[in-house]
Amino acid sequence: MQIIACVKRVPTTDAAVSVTPDGKGLVTDGLPYMISFYDEIALEQAVQTKEALGGEVTVLSLGPASGSKEIRECLAKGGDKAVVLTDDEWMTRDARATAKALVAEIEAQGADVVFMGKVATDRDNASVGPMVATYLGWACVTDVVALELGEGGGTAKVETEAGLETLEFSLPAVITTGKGLNEPRYAGLKGIMAAKKKPLEEKTPELEANQAMVASLAPPPPRKEGRLVSDVNELIDALRNEAQVL
Amino acid sequence: MVFQQLDFFDLEDEYSEEERMVRDAVRAWTSERYLPLCMDHFEAATFPTEVVPELAELGVFGPTIPEEYGGAGLSNVCYGLICQELERGDSGLRSFVSVQGSLVMYPIHAFGSEEQKRTWLPRLASGEAIGCFGLTEPDFGSNPGGMLTTARREGDEWVLNGRKMWITNGTGCALAVVWARTEEGIAGFLVPGDAPGFSAPEQKHKWSLRASVTSELVLEDVRLPDSARLPHARGLRAPLSCLSSARFGIAWGAVGAALACFDEALAYSKERIVFDKPLAGFQLAQKKLAEMATEITKAQLLALRLGRLKDQDRCTPQQISMAKRNNVAIALDIARTCRDMLGANGVSLEYQTGRHLCNLESVYTYEGTHDIHTLAVGQALTGLSAFR
């Protein structure tokens, strides 16, 4: 089975981020990076699928040429080869242009199944997965928290607002992964040594112009200072009359 | 709280991509899997044995041993970074891994027969077998050459008698590398944990390295075939070379302990309000922080240079002595200063600094005391031995 895991390099979730002077982006100098949380789950699912059904896992990422450490870590965790579509503007590339670039490479590589996180933890777009499936004309299941996959198709449990929904789908498919689907493994030291010898190819993709642009970016307003109340009656009064939530 | 490593001199640039990957993998494991367990095990004076399979899966047992024997074939700088990250968790965790790798797997790889390597190394790398290293005796620590444990030839067999003390991982071990006096000098033996006459009672009531098992080894007419002797280990140089390998890891590990304490005290001092402003805003606090950051940075540079020299096969035991001596001493001083900055909280195990402080008192003494390493450096500088 040909398996592709799409991953995005994002600032670490504990990184102290600041907005650029033009108010449209993040200061990226010195930012620590990681593979997006949900993409780690996608990679793990891709590796588990390979371990269960055989085949090969290709790690695919749109990102900077200098971001090889995080991609190499994906190879240490079980990816067989990696393709980086180099784009120094990857952080601000919109979902549509990102999806189109990924689709061109997925079509060139050929795949039975593509895994990616349900959302990237930097911009919370959540739309690249469905867009990739749409451009490819493939089945798409999103926010998958349980999965059974065989030759030709599978069954997925999907989180919805109403509860768990069970879906059957045929391959090829794009599956976006949610929290709880699996527990991503650590990069073992032997895996890190093996990853050095695995192919990591950088390609220059054809990128379409963004259609969604960031107009402005601002940190959330500071939270108002809390107030200590002296008893329950005062708390209920404040909730009822000031906050008006009761 | 997320660990923020002090890197005042941008040392990140000095590490290769592989080295950073190794460090980050062990760092993530330590933060997510080990630290949540550590406080309770320290308090209960137990080692969390449930992490052994995870450590093996991670590959930290004998990582510099070649892959054909179950190791990962990593560089010495990588090994140092592994020790740094494990000891950021707890010196007991790093001790466990140091003993398994540097004091058990290393001598088998360096001095063992091919059969001994094939028999033991893969089992030790996978964590299936846990080993210990018996050199120190109740009355012979800094002067191991005076050891009283003997190995006597009887026909085709060796008969071992004696006692070893302060042995990490002794109780329940599958294998003890025991050093004993023979008629031809000091020799090393692979003693299976279930050998008749061998026992390893645990040493209780420690207030340091509590999340680590420390044992006495008792050998009463332990009979071993000659195939249990390490054939290429001749004289005291063999166990001392094992200690050089372990001390190298300690020089790095101590940096990890210092980083953990510093990180905790720095974060605390910025949040703790005293006299209506953060503790970190006072000159006395800043002096402490600046001095600690300076010492950590110097220790990081010392460890890194030592590692680069070791990877080029140019590192001397005296350089290792200087690095172990300095880095453990500054880590202990830093732990004490951080304990001070944490105020009363510093004596609570809810904060990690007190645990590191207690542990580092052992690390200061084991694997060559601070004073003995001072004399090793003194001898290298003057050509004069001041040991006796």
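All values reported here derive from a predicted model rather than from experimental measurement. (Residues numbered from 1 in each chain as written. Chains lettered and ligands numbered in written order. Predicted model: local features only at pLDDT ≥ 70, side-chain atom pairs only at ≥ 80, totals over all residues. Heavy atoms only, no water.)

Thoughts on the interface of chain A and chain B
Often the size quoted for an interface is simply the accessible area lost on bringing the parts together.
Move 1: On the chain B side, the residues contacting the 15 residues of chain A number 25 residues.
Move 2: Between chain A and chain B the total buried area reaches about 1,600 Å² when both faces are included, carbon and sulfur atoms providing 63% of it.
Move 3: If you look at where chain A meets chain B, you find three salt bridges.
Move 4: Salt-bridge contacts for Arg72 of chain A lead to Glu17 of chain B; the nearest nitrogen and oxygen are separated by 3.6 Å. (Contact = heavy atoms within 4.5 Å. Buried area = accessible area lost by both parts, 1.4 Å probe. Salt bridge = Lys/Arg side-chain N within 4 Å of Asp/Glu carboxyl O.)

Points about the sheet that holds strand E1 (residues 2-6) of chain A
Sheet strands associate in pairs through backbone hydrogen bonding, adopting either a parallel or an antiparallel arrangement.
Residue and element names in this part refer to chain A.
Move 1: Overall, mixed pairing links the nine strands, which are arranged E9-E8-E7-E10-E6-E1-E4-E5-E11 in an open sheet. Because the sheet does not close on itself, it has two edges, and the strands there are strand E9 (163-170) and strand E11 (200-203). Averaged over all pairs of adjacent strands, the angle between their axes in this sheet comes to 35°, without regard to strand direction.
Move 2: Here five bridges tie E1 to strand E4 (residues 56-63), and the two strands are oriented parallel to one another. By the bridge assignment, Ala5 is partnered in E4 with Val59.
Move 3: The sheet contacts of helix H1 (residues 37-53) involve E1, E4, strand E6 (113-117), strand E7 (139-150) and strand E10 (173-177), and relative to E6 the element is tilted by about 150°. (Pairing = 2+ DSSP bridges. Helix = DSSP H or I, 4+ residues; strand = E, 2+ residues; numbered from the N terminus. Axes fitted to C-alpha atoms, helices over the stretch in contact; angles between N-to-C directions.)

Brief notes about helix H4 (residues 128-136) of chain A
All names here are of chain A.
Move 1: Along H4, the residues that are buried comprise Val128, Gly129, Val132, Ala133 and Leu136. Taken around the axis of H4, the buried residues stretch over an arc of 135°, which confines them to a single face.
Move 2: Directly beyond the C-terminal end of H4, a positive phi value near 75° is found at Gly137. (Buried < 20%, exposed > 50% of the residue type's maximum accessible area, 1.4 Å probe, protein only. Arc of directions from axis to C-beta.)

A word on the pattern of salt bridges
Move 1: Under the counting rule described, the total for this entry stands at 41 salt bridges over all chains.
Move 2: A salt bridge links Asp24 of chain B to Arg23 of chain B, with the shortest nitrogen-to-oxygen separation between them at 3.0 Å.
Move 3: Ionic contacts of the salt-bridge type, sharing partners, join the residues Lys69 and Glu73 of chain A together with Glu12, Arg23 and Asp24 of chain B into one network.

A short note on the environment of Gly146 of chain B
All names here are of chain B.
Move 1: Relative to the helices and strands, Gly146 is located in the loop between strand E1 (131-134) and strand E2 (150-154).
Move 2: Taking the C-alpha atoms as reference, Gly146 lies 9.0 Å from Arg181; in sequence the two are 35 residues apart.
Move 3: Contact partners of Gly146, with chain neighbours within four places excluded, come to Phe140 and Arg181.

Points about the domain arrangement of chain B
Residue and element names in this part refer to chain B.
Move 1: Split into domains, chain B comes out as domain 1 (11-125), domain 2 (131-228) and domain 3 (237-382).
Move 2: A straight line from the C-alpha centre of domain 2 to that of domain 3 covers 30 Å.
Move 3: The interface is formed by nine residues belonging to domain 2 together with 12 residues belonging to domain 3.
Move 4: Roughly 840 Å² is buried in total at the junction of domain 2 and domain 3, and carbon and sulfur atoms are behind 77% of that figure.
Move 5: The tally of links between domain 2 and domain 3 comes to zero salt bridges.
Move 6: At the boundary of domain 2 with domain 3, the tally comes to four residue pairs in polar contact (both at pLDDT 80 or more).
Move 7: Residue composition of the side of domain 2 that touches domain 3, by class: six nonpolar, two polar and one charged. (Domains from an automatic or database assignment. Polar contact = N/O pair within 3.5 Å; in protein donor to acceptor, adjacent residues only side chain to side chain. Nonpolar A, V, L, I, M, F, W, Y, C, P; charged D, E, K, R; others polar.)

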